Amino acid sequence: MRRRSLFTVRRLLTVVGLMLAWCALWGTISFANLVSGAAVGVAALTVGVGGSGRGGIRLGAMLRLAGIVGLDMVMSTATVARVVLSPGGRTTEAIISVPISAPAKHHLLLLYVAITVTPGTAVVAAEADGSVLYLHVLDADRRDAVEAHVQRLADLACEALPTPEPKMEVVS
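Not measured: the values here are computed from a predicted model.

A. Representation of helix 5 (residues 143-160) in the model. Taking 1.5 Å as the rise per residue, helix 5 with 18 residues should run 26 Å; its terminal C-alpha atoms sit 25 Å apart, in good agreement. Buried within helix 5 we find Val-146, Val-150, Leu-153, Ala-154, Leu-156, Ala-157, Cys-158 and Ala-160. Looking at the buried side of helix 5, the elements it contacts are helix 3 (59-85), strand 1 (94-99), helix 4 (108-116) and strand 3 (132-137).

B. Local environment of the nonpolar core. If you look at the biggest cluster of nonpolar residues, it comprises 24 residues, and the most contacted ones within it are Leu-111, Ile-115, Leu-135, Val-150 and Leu-153. Those elements that provide at least two residues to this core are helix 3, strand 1, helix 4, strand 3 and helix 5. Top element by residues in this core is helix 5. It accounts for eight residues. Excluding its chain neighbours within four sequence positions, the residues that come into contact with Leu-153 are Leu-65, Ile-68, Val-69, Leu-111, Ala-114 and Ile-115.

C. Structural view of the pattern of salt bridges. Following the criterion strictly, the structure yields two salt bridges and no others. Put simply, Arg-64 and Glu-159 hold a salt bridge, and the shortest N to O gap is 2.5 Å. Note that Arg-64 is positioned in helix 3 and Glu-159 in helix 5, a separation of 95 residues in sequence. Relative accessible area serves as the criterion here: at 40%, Arg-64 is assigned to the partly exposed category. Note that Glu-147 and Arg-143 form a salt bridge whose closest N and O atoms lie 3.0 Å from each other. You can see Glu-147 and its partner Arg-143 sitting in helix 5, four residues apart, about one turn around the helix. Of the residues examined, Arg-143 reaches a relative accessible area of 31% and is grouped as partly exposed.

Thresholds, definitions, all that
- Residues numbered from 1 in each chain as written.
- Predicted model: local features only at pLDDT ≥ 70, side-chain atom pairs only at ≥ 80, totals over all residues.
- Heavy atoms only, no water.
- Helix = DSSP H or I, 4+ residues; strand = E, 2+ residues; numbered from the N terminus.
- Expected span 1.5 Å × (residues − 1).
- Buried < 20%, exposed > 50% of the residue type's maximum accessible area, 1.4 Å probe, protein only.
- Contact = heavy atoms within 4.5 Å.
- Core = buried A, V, L, I, M, F, W, Y, C linked by side-chain atoms within 4.5 Å.
- Salt bridge = Lys/Arg side-chain N within 4 Å of Asp/Glu carboxyl O.

This is the structure:
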């Protein structure tokens, strides 16, 4: 059995990234924040929260996902502003159900955030097994486009954060 090294460049970069994120959350870089951020990063890697062995992160796909969400935010903000500011602006608000593929169920939190940060849409509920999301949308006439877009986000989330295939046990 091959033993993993405790100190790798990847783990070091992960701890540094978590440490900087910790400082960003506190709003200042100080000695105390650097030390406590390093402790939180080491603890997270030690316990295995999102650590390696779960598939890793594919940076290109994650950047594409972030780009799409950023573009969605800009375009949706303009659309919502136009509807709100135009005289007689009307919306066809609705709650729609959007089915989610089985692999995407591993990335529900990422999907919730990607959908909800976009003005004009929000995840309001989900089935307990994660198979269906219920979204509030301002334009119910675009249901098919919204479903296709959510599926695109789900596919990119799966590509950016791959999960290993479950191991099948052979019972004889």
